[in-house]
Amino acid sequence: MRNLWRSMAPFASDSTGVCTVFSSSNALIIAQDSNGTASVLRRVINVNAARAAFETVDLPELSFTLGKERDFIDRMVQIVDAVQADAARGIGSPVELVVLVNGPVSALLGTDLAGRARKLEKTIGIKCMSVDTTGNAYYDKGLAAAYEAIYQTFVLSNIPDSADSSAHERVNIIGQTELDYPGAVLSNMLRTYLHDQGLQVVTDFGASDTVEQWARAARAGRNIVASASGLKLARKMEDDLGIPYELACNTTAFDALAAGLELACDPRILVVGEQLTSNILRRLLRMAGATSVDVATFFTLDKRLSEQGDAKLKDEAGLRTLSSEYDVVIGDHMLARCCQPEEVQVAFVDLMHPPTGFGMRDNTVISRAWLEQLVCALNDVFGGNEHD
């Protein structure tokens, strides 16, 4: 019964991660799955939204189960034609890319997305690509898969023929999406920091980019990795293209948020969330005087970037056990019921993480006001008391 999840809702899936990345482009995202999955993905597009459109291939159950390819292709052509016709009338933007995404059912049936993308591209004359997902992995795997697909499709075919002496003035940002950077505070601070360093952002994977911008990614002299989902691509670009990378959480981009804040206590703090954004908060808390801050995550945990005490979580029971060893747990409110066992008094602080709770709460993102409230609350509750 250890693996039975009783307190928390399922986390956002890999399909959600893929749709989030492409929702910032002039892409038409087509999900080949049931309406249940489609409704979740449509909500992602509407929330994060920018220019992308989202449709689902809605076919009779028998056709879907048997995987009748001609039916799928015909329906996808109809969808593309309808979106392009709307754009011609000034409704929405014209499609420059079609992305096919699996859900749990179509993945289980072994749908050949790549083959259908090739056939659809030949039929409609617009670039089509597929991203393999299962609908069962977590969102971070979908983000990484989307970055890899963009790299293989657009970056590798547009590598400069010769070295560019001004490449050191340009950077890419990988992993800064609304899923891990809700609100605009941290995203704006990172861009401002890069601008102040005299750096131009060429490509921001997953945040308001176009096919043209993706194609220029190899012209950057450095990659800035904003979340653990971007590490795989950053390391691949370093190996393949010689472009080094830097972690956003290790820069001084966000330090102003903690300037002048001072903890009068030193509680044991556990931050539960995405690894690199949690590392940002750990850095800020240490600036305020905290000495015992660990990070735990249900998602990607890169051991090379972990500190002693950091942990990869597998289930609710693991979080419940781990949280009992701390005075304070910081994470999405969905985790609260697992972090306050009756026999142990644990203070819980809400910090929004959409893939965990899938809710938007503007007052619970990392900001100066949120940090000030956190420090004041910790001083009130634990003031003068240090951990053993």
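A brief structural summary. (Residues numbered from 1 in each chain as written. Predicted model: local features only at pLDDT ≥ 70, side-chain atom pairs only at ≥ 80, totals over all residues. Heavy atoms only, no water.)

Observations concerning the pattern of salt bridges
Here the structure, examined in full by the defined rule, presents 13 salt bridges. Across the salt bridge formed by Asp255 and Arg283, the nearest N and O atoms sit 2.8 Å from each other. Of the two residues, Asp255 is situated in the loop between strand S8 (245–247) and strand S9 (269–272) and Arg283 in helix H11 (residues 275–287); the sequence distance between them amounts to 28 residues. On the accessibility criterion, Asp255 (15% relative accessible area) is buried. For Glu307, the salt bridge is made with Arg282, and the minimal N-O distance between the two is 3.6 Å. (Salt bridge = Lys/Arg side-chain N within 4 Å of Asp/Glu carboxyl O. Helix = DSSP H or I, 4+ residues; strand = E, 2+ residues; numbered from the N terminus. Buried < 20%, exposed > 50% of the residue type's maximum accessible area, 1.4 Å probe, protein only.)

Focus: the sheet that holds strand S6 (residues 200–205)
Pairing within the open sheet is parallel, and its 4 strands lie in the order S6-S5-S7-S8. Because the sheet does not close on itself, it has two edges, and the strands there are S6 and S8. When the angles between neighbouring strand axes are averaged without regard to direction, this sheet yields 25 degrees. Sheet topology note: the strand S5 (residues 170–174)/S6 ladder contains 5 bridges and is parallel. Within the sheet, the bridge partner assigned to Asn172 lies in S6 and is Thr203. The sheet strands contacting helix H8 (residues 185–196) are S5, S6 and strand S7 (222–225), and the helix crosses S5 at an angle near 165 degrees. (Pairing = 2+ DSSP bridges. Axes fitted to C-alpha atoms, helices over the stretch in contact; angles between N-to-C directions. Contact = heavy atoms within 4.5 Å.)

Points about the packing of helix H1 (residues 14–22) against helix H7 (residues 139–155)
Orientation of H1 relative to H7, taken along the N-to-C sense of each, is 45 degrees, at an axis distance of 6 Å. As judged from the angle between their axes, H1 and H7 are oblique. Seen along the crossing, H1 lies across H7 with a hand that is right-handed. In this structure, H1 uses Asp14, Gly17, Val18, Val21 and Phe22 to contact H7, whose residues at the interface are Tyr139, Lys141, Gly142, Leu143, Ala146, Tyr147 and Ile150. (Parallel < 35°, antiparallel > 145°, perpendicular 65-115°, else oblique. Left-handed = near helix turned anticlockwise from the far one by under 90°.)

So, empty space enclosed by the protein
Here the structure, examined in full by the defined rule, presents 2 cavities of 30 Å³ or more. In this model, the largest cavity occupies a volume close to 230 Å³. Taken together, 22 residues form the lining of the largest cavity, with Asp180, Thr277, Leu351, Met352 and Ile366 sitting closest to its centre. When residues of the lining of the largest cavity are traced back to their parent elements, those giving at least two are H8, S9, H11 and strand S12 (328–331). Residue contributions to the lining of the largest cavity peak at 3 residues, all from H8. Residue composition of the lining of the largest cavity, by class: 12 nonpolar, 7 polar and 3 charged. Lining the second largest cavity are Tyr139, Asp140, Asp180, Ser227, Ala228, Ser229, Glu274, Gln275, Phe299 and Thr300. Here the residues of the lining of the second largest cavity sort into 3 nonpolar, 4 polar and 3 charged. (1 Å grid on protein atoms, 1.4 Å probe; cavity = no way out; pocket = protein on both sides within 12 Å on 5 of 7 lines; lining within 4 Å. Points joined across faces, edges and corners; volume = space filled by probe spheres on them. Nonpolar A, V, L, I, M, F, W, Y, C, P; charged D, E, K, R; others polar.)

Don't take any of this as a statement about function, it's just geometry.
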